[in-house]
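# Results of the structural survey
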Amino acid sequence: MPETDLPLLIETAKEAGALALTYWKKAPEAWDKGDGAGPVSEADLAVNALLEERLRGARPDYGWLSEESTDDPARLEARSTFIVDPIDGTRAFLAHDGGFAHALAVVRDGAVVAGVVHLPVHDLTYSATIDGPACLNGEPLRPGTQEALTGATVLTSKLSDNPSFWRHAQPDYHRHFRSSLAWRLCLVAEGRFDATISLRPAWEWDIAAASLIAQRAGLLATDRNGRALRFNRSPPQSSGLVVANPTLHEKFIENLAFWPD
């Protein structure tokens, strides 16, 4: 159940953070995955092994989906599945930037029921269950109330500047960036930014935990066409991402060009 899974996720995420810090700023071996998948390091693999040992050891009947594990189709038949990103923001990690996170979620019947995003360098632990509040270090989160696209602070990449993604002219918002996609969602839930959008396919391990945190904080988190997010799918991707308060979210969806599947 979510209320019993959450303590397990929090404890394991903090243990993962402690392990990651033993590699941080110590030149861990790293290499590129190829095919545009970005870098991976020995720290990513060590954290992945720890997460799998702790989480699957505690819940052996749960499925498993991780960025750093070979995908096992058996997860599609499991009612409950762990979806994790051992180090979300590996580029930041390797650049000695503390903006990397451990993202851990439990998905049941396609919906996230418990999620944790932990940033060990900053001592930040975001968490939520499907029937509880979204919290940062145990305190409830309160997102912002910006309703206009003009002047909104938006966490996104330069890709969003491409005019082909917009029905009309690109809105005059202020673009910001963080390497960890999971943290971007949490920063919006925290009210430090007004929205985050991703106009490319989003991997489930990047967004599962944080999407629940955003939703339980009162935000809408959908794909770029405004459709509900579903998890533990094949392939494990959503058609982009839009996260904002309901009014601002609606304006993004109205202005974004439709993305056919």
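Residues numbered from 1 in each chain as written. Predicted model: local features only at pLDDT ≥ 70, side-chain atom pairs only at ≥ 80, totals over all residues. Heavy atoms only, no water.

### Brief notes about the sheet that holds strand E11 (residues 174-176)
Taken in spatial order, the 5 strands line up as E11-E10-E12-E16-E14 in an open sheet, and their pairing is mixed. Here the strands that pair on one side only, and so sit at the sheet edges, are E11 and strand E14 (220-222). Here the average twist between neighbouring strands, direction ignored, is 20°. In terms of strand pairing, strand E10 (residues 153-155) meets strand E12 (residues 195-198) through 2 bridges, oriented parallel. For Leu 155, the partnering residue across the bridge sits in E12 and is Thr 196. (Pairing = 2+ DSSP bridges. Helix = DSSP H or I, 4+ residues; strand = E, 2+ residues; numbered from the N terminus. Axes fitted to C-alpha atoms, helices over the stretch in contact; angles between N-to-C directions.)

### With respect to the nonpolar core
Counting residues in each nonpolar core, the largest one holds 41 residues, and the members touching the most others are Val 117, Tyr 126, Leu 141, Ile 213 and Phe 231. Among the elements of the structure, strand E5 (101-108), strand E6 (111-119), strand E7 (124-129), helix H4 (181-189), helix H5 (204-216) and strand E16 (241-244) are those that each provide at least two residues to this core. Not counting residues up to four positions away in its chain, the partners in contact with Ile 213 are Gly 115, Val 116, Val 117, Tyr 126, Ser 127, Ala 128, Ala 134, Leu 141, Cys 186 and Ala 189. Among the nonpolar cores identified, the runner-up in size contains 24 residues, and Val 47, Leu 50, Phe 93 and Ala 114 belong to it. (Core = buried A, V, L, I, M, F, W, Y, C linked by side-chain atoms within 4.5 Å. Buried < 20%, exposed > 50% of the residue type's maximum accessible area, 1.4 Å probe, protein only. Contact = heavy atoms within 4.5 Å.)

### What about the state of the cysteines?
Inspection of every chain in the model, using the stated rule, returns 0 disulfides. Between Cys 135, a free cysteine, and Cys 186, which holds the nearest cysteine sulfur, the sulfur-to-sulfur gap is 12 Å. For Cys 135, a relative accessible area of 11% translates into the label buried. Judged by its relative accessible area of 0%, Cys 186 is buried. (Disulfide = S-S within 2.5 Å.)

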